[in-house]
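Fold and contact review
Take a look at the letters that make up each chain.
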Number of protein chains: 2
Amino acid sequence: MALSDVYIIGAGETKFGELWDKSLRDLAVEAGLEAIKDANIYSRDLQMLYASNSLAGTINEQSNIAALAADFSGIAETHVPAVRVEASTASGGAAVREAYLAIKSGEYDVVMVGGVEKMTDIYGSEIIDVQSSILDREWESFNGATPAALAAITARRYMHDFKVPREDIAMIAVNDHANASMNPDAQYRNKITVEQVINSDPVAEPLNVFDCSPISDGASAIILASDEYRKKNRLDGIRIVSSAMSEDYLALHSRKSIYTLESARIASKQALERAGIKKNDISFLELNDSYSIYGLLELEDLGFAEKGKGRELLGEIKINGSLPVNPSGGLKAKGNPLGATGVSQFYEAYLQLKGKAGQRQVKGARYGMLHNMAGTGATSVVHIVGE
Amino acid sequence: MALSDVYIIGAGETKFGELWDKSLRDLAVEAGLEAIKDANIYSRDLQMLYASNSLAGTINEQSNIAALAADFSGIAETHVPAVRVEASTASGGAAVREAYLAIKSGEYDVVMVGGVEKMTDIYGSEIIDVQSSILDREWESFNGATPAALAAITARRYMHDFKVPREDIAMIAVNDHANASMNPDAQYRNKITVEQVINSDPVAEPLNVFDCSPISDGASAIILASDEYRKKNRLDGIRIVSSAMSEDYLALHSRKSIYTLESARIASKQALERAGIKKNDISFLELNDSYSIYGLLELEDLGFAEKGKGRELLGEIKINGSLPVNPSGGLKAKGNPLGATGVSQFYEAYLQLKGKAGQRQVKGARYGMLHNMAGTGATSVVHIVGE
């Protein structure tokens, strides 16, 4: 028996932003029902629910949110199993990967992956502390390191060693906002300039507030199906061409190089090999730029530039460039509701590859590479999707 | 290509209890290294780590604990992917199931599943509140319901409808303590009597403190391998004969019957069907008796007695009875470190089926059924393991 190919047959998403009138469960149900409708199936057709979420146990004091989502979307009635997958900010990619493997195993034919995060219920130092739980608590956060502080340390060293101008780092955020201005789901739809990034309020030198992804609420959902199910039910779909995942030390200080995302290097190499394609075949990238510096590092570590030379690609990252980056608006401007972020990369890829991305459509898109990363690079999940 | 059978080739476990001198990471590493040693492989042979944990985000303020465990056990060096699986108190069974499916998919040949929980770092009303996050927070916990309160409501109604004497419910705890007295890893190794249970301090009427599983620290780990890997490396193993998972409404008030564990009924039926065996072939059960009442309900809903008649089996649940229950000591006496609990059921089954369970050995054990459950029954994972 050949292992089945896996297809995305539907996708849904809420707006991302400060959604104070919606609860965690509201968001999860909204995205899930939209995905079911888009796939043109019934809720009762689902055989499994994978939920991606990072911080609901703490922010919303709710565990077992997969069961919660199943209950409130009406699928608990059919007793469909539901489980949460967590790898901090890489939870979404990791959940899609589990669903992909489960379909490959022959266990299920049609599965939902839903990602959700409701982060604006707490604020100030409290949300920063909870976000810091994605780091090594004993070795990093207890001593005052935050995700922003560690990204800043990486940026400083990187700028120093490779003589990278501050402006080049800002360009990642500028590109995100330009693209998000064309995405109705994005948290920020205003365009910004390099000067605005550089003059915005400092967070952790050299990174300013416009270098940092926001605190967001939001949910995304996709429906995955085996090729057999898709054909039998005459459903359209976008193929998950390959999936790979890799790991590095959790704490930044243990890494061999603090500006090399080894987990991304390994996972992207595996993903390309498994897909049987070359990096030049990739039509667009969705990067995990929780901080602008990571966008630049990822261009390098995903294999598109040599270390220290990601900036040479900055002329090509616009929607109509040769290597469009974050057509969705990326984590900086579309928003970064942690558990939803990795799933939302698939939502964007699904639209792009179906030619339904509207104003931000990448012309002739054939393959997208999606990189979802935990914290400072502890976990990387890379997927390639295509027609 | 036939899908591979999946074997447990090694297992390790820490003591369960109030382990104030050990941290979350200490426990995870201790169990993991013991499992690797027991399997007679090297850490570098592992291809994936599934971590089961329920509450570390809140209690230990640590997310991405799969990455943490990989880092501290030395396997981050080989960049082996690591992900956490969470389904509240059913996390362990759910994590084993993900690993089982991943091997079936052909993606991996040898995988670790590690479960860990460090619960005694907080106490009193704080730990009760955090434990209540496994319920529906908005509909149950915010209004004051705790896991114990809901178990008590179920017990009262069950006792009333089926004329079940209080003593019969206590018998589940008595049996657990008798078995745990022979388990060196158990949190409580003292035998207790029905009278002691009934006279112990009340928690939520009719349940007393001796009806409730304790707050525990602990970790368990197992190594799973494909049949090919096992044969090639001439390793012994215990087969995971079948795996099934089902779901019910998260909130107890939504269930059709508050003393019927519909998720357990469905999952156990599927597990038996997939295994191609009958309930009479089961040599022992590991039940999810977080509260004694659930032990009685599970005897019924796993298919061993009609509803209301679980008590008729109480004469047979001892180690040398016809249906030994919880040879490990169960959640009540072995302990209940949430994320470790489901994995520790496999640790016990591994010992039993290899004939290495010492004083508590079930004679002639051929098949074990393991039931791991979330909260009041929202999620059930049932596995059958055998030679």
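Chain A has the name Probable 3-ketoacyl-CoA thiolase in an unreviewed UniProt entry, where Thermoplasma acidophilum is given as its organism.

All right, on to the overall build of chain A then. Looking only at helices and strands, chain A features 13 helices and eleven strands. Over its C-alpha atoms chain A spans a radius of gyration of 19 Å, differing by no more than 12% from the 21 Å that the globule rule assigns to 387 residues. Here chain A holds 387 residues, and the buried ones make up 70% of them. Here the contacts in chain A between residues at least 6 apart in sequence split such that 77% fall between residues at least 24 apart.

Listed under "domain: Thiolase C-terminal" (unreviewed entry) in the UniProt record, and renumbered for this structure, are residues 249–386 of chain A. Note that residues 249–386 of chain A is 35% helix and 14% strand, and that its end C-alpha atoms are spaced 31 Å apart.

Below, the discussion takes up the relation of the copies chain B and chain A. When chain B is brought onto chain A, the operation consists of a screw motion whose angular component is 180° and whose axial shift is 0.0 Å, with 0.0 Å RMSD remaining. When the rotation and shift are considered jointly, the pair of chain copies conforms to a two-fold rotation axis. Identified as the residue of chain B closest to the rotation axis by C-alpha distance is S105(B), at 1.9 Å. Interface overlap between copies is the fraction of interface residues in one copy that are interface residues in the other; for chain B against chain A it reaches 100%, indicating a shared surface.

Residues and elements named next belong to chain A. With 16 residues, helix α6 (residues 147–162) should cover 22 Å at 1.5 Å per step; its first-to-last C-alpha distance of 22 Å lies within 8% of that length. Restricting attention to buried positions, one finds in α6 the residues P147, A148, L150, A151, A152, T154, A155, Y158 and M159. Turning to α6, the residues buried within the fold contact α5 (125–131), α7 (166–180), β5 (202–204), β6 (207–208) and α11 (292–304).

Here the focus is the pattern of salt bridges. By the definition in use, this model includes 50 salt bridges over all chains. As a salt-bridge pair, E61(A) and R137(B) come within 3.6 Å of each other at their nearest N and O atoms. Of this pair, E61(A) sits in the loop between α2 (56–59) and α3 (65–72) while R137(B) is found in the loop between α5 (125–131) and α6 (147–162), placing the two residues in two different chains. For E61(A), a relative accessible area of 32% puts it in the partly exposed group. Taking the shortest distance from any N to any O, the salt bridge between R255(A) and D248(A) comes out at 3.9 Å. Among the residues examined, R255(A) registers a relative accessible area of 7% and is labelled buried. When salt bridges with common partners are traced through the structure, they connect R265(A), E300(A), D301(A) and K307(A) into a single cluster.

Bringing the UniProt feature "domain: Thiolase N-terminal" (unreviewed entry) in chain A into the picture now. Here the UniProt-annotated "domain: Thiolase N-terminal" (unreviewed entry) positions come out as residues 6–227 of chain A. The annotated region residues 6–227 of chain A carries 39% helix and 18% strand content, and the separation between its end C-alpha atoms amounts to 6 Å.

It is worth spelling out the interface of chain B and chain A at this point. The interface is formed by 63 residues belonging to chain B together with 63 residues belonging to chain A. Taken together, the two surfaces of chain B and chain A that pack against each other cover about 5,000 Å², and 47% of this comes from carbon and sulfur. For the interface between chain B and chain A, the tally reads twelve salt bridges. Residues R97(A) and E107(B) are paired through a salt bridge, measuring 2.8 Å at the closest nitrogen-oxygen approach. Here chain B and chain A share 36 residue pairs in polar contact (both at pLDDT 80 or more) between them. Counting residues per element, the ones that place at least two in the side of chain B that touches chain A are α2 (56–59), α3 (65–72), β3 (82–86), α4 (91–104), β8 (238–247) and α10 (262–275) of chain B. It is α4(B) that provides the largest number of residues to the side of chain B that touches chain A, a total of six residues. The class makeup of the residues in the side of chain B that touches chain A is 31 nonpolar, 15 polar and 17 charged. By the bridge criterion, three bridges tie strand β3 (residues 82–86) of chain A to β3(B) in an arrangement that is antiparallel. When the sheet's bridge partners are listed, E86(A) is paired in β3(B) with R84(B).

Take the pairing of strand β4 (residues 110–118) of chain B next. All names here are of chain B. Most of β4 is tucked away: nine of the nine residues are buried. The alternating pattern of β4 places V110, M112, G114, V116 and K118 on one face and V111, V113, G115 and E117 on the opposite face, and all of these are buried. Pairing geometry for strand β2 (residues 49–52) and β4, over four bridges, is parallel. Each residue of the ladder has a partner; that of Y50, found in β4, is V113. Strand direction decides the pairing type here: β4 and strand β7 (residues 217–226), joined by nine bridges, are antiparallel. By the bridge assignment, K118 is partnered in β7 with D217.

With that settled, the discussion passes to the packing of helix α1 (residues 24–39) of chain A against α3(A). All names here are of chain A. Relative orientation of the contacting elements α1 and α3 amounts to 65°, with a least axis distance of 9 Å. The element α1 and its partner α3 pack so that their crossing is right-handed. Here L24, R25, A28 and V29 of α1 lie close against α3, whose contacting residues are I65, L68, A69 and F72. Classifying every residue of the contact of α1 with α3 gives seven nonpolar, no polar and one charged.

Residue and element names in this part refer to chain B. Most of helix α11 (residues 292–301) is tucked away: ten of the ten residues are buried. Of the residues making up α11, those classed as buried are S292, I293, Y294, G295, L296, L297, E298, L299, E300 and D301. Contacts from the buried residues of α11 go to α6, α7 (166–180), β6 (207–208), α10, β9 (284–286) and β10 (367–374). Of the residues one or two after α11, G303 is the one with positive phi, at around 105°.

Another point: the packing of aromatic side chains. Residue and element names in this part refer to chain A. Across all of its chains, the model carries eight aromatic pairs over all chains by this definition. Taking 5.4 Å as the distance between ring centres and 55° as the angle between the ring planes, the aromatic pair formed by Y158 and F162 counts as tilted. With a gap of four residues between them, Y158 and F162 both fall in helix α6, about one helical turn apart. You can call Y158 buried: its relative accessible area is 0%. Judged by relative accessible area, F162 falls into the partly exposed class, the value being 27%.

Moving on: the domain arrangement of chain A. All names here are of chain A. Domain annotation of chain A identifies domain 1 (6–123 + 215–239) and domain 2 (146–213 + 241–386). One C-alpha centre belongs to domain 1, the other to domain 2, and the line joining them spans 23 Å. Counting from both sides, the interface comprises 45 residues of domain 1 and, opposite them, 37 residues of domain 2. Surface buried jointly by domain 1 and domain 2 totals about 3,100 Å² across both partners, of which 61% is contributed by carbon and sulfur atoms. Three residues stand out in domain 1 for area buried against domain 2, namely F16, T89 and R239, and they jointly supply 22% of the buried area on that side. Here domain 1 is connected to domain 2 by two salt bridges. Note that D236 is salt-bridged to K354, the shortest N-O span being 3.7 Å. For the interface between domain 1 and domain 2, the tally reads 18 residue pairs in polar contact (both at pLDDT 80 or more). By residue number, the principal contributor to the side of domain 1 that touches domain 2 is helix α4 (residues 91–104), which donates seven residues. In terms of residue class, the side of domain 1 that touches domain 2 is built from 18 nonpolar, 17 polar and ten charged.

Definitions and limits used
- Residues numbered from 1 in each chain as written.
- Chains lettered and ligands numbered in written order.
- Predicted model: local features only at pLDDT ≥ 70, side-chain atom pairs only at ≥ 80, totals over all residues.
- Heavy atoms only, no water.
- Helix = DSSP H or I, 4+ residues; strand = E, 2+ residues; numbered from the N terminus.
- Rg over C-alpha atoms; globule rule 2.2 N^0.38 Å.
- Buried < 20%, exposed > 50% of the residue type's maximum accessible area, 1.4 Å probe, protein only.
- Contact = heavy atoms within 4.5 Å.
- UniProt positions renumbered as here; feature names shortened; annotations may be inferred.
- Least-squares fit on C-alpha atoms with pLDDT ≥ 70 in both.
- Expected span 1.5 Å × (residues − 1).
- Salt bridge = Lys/Arg side-chain N within 4 Å of Asp/Glu carboxyl O.
- Buried area = accessible area lost by both parts, 1.4 Å probe.
- Polar contact = N/O pair within 3.5 Å; in protein donor to acceptor, adjacent residues only side chain to side chain.
- Nonpolar A, V, L, I, M, F, W, Y, C, P; charged D, E, K, R; others polar.
- Pairing = 2+ DSSP bridges.
- Axes fitted to C-alpha atoms, helices over the stretch in contact; angles between N-to-C directions.
- Left-handed = near helix turned anticlockwise from the far one by under 90°.
- Phe/Tyr/Trp six-rings, centres within 6.5 Å; stacked < 30°, edge-to-face > 60°.
- Domains from an automatic or database assignment.

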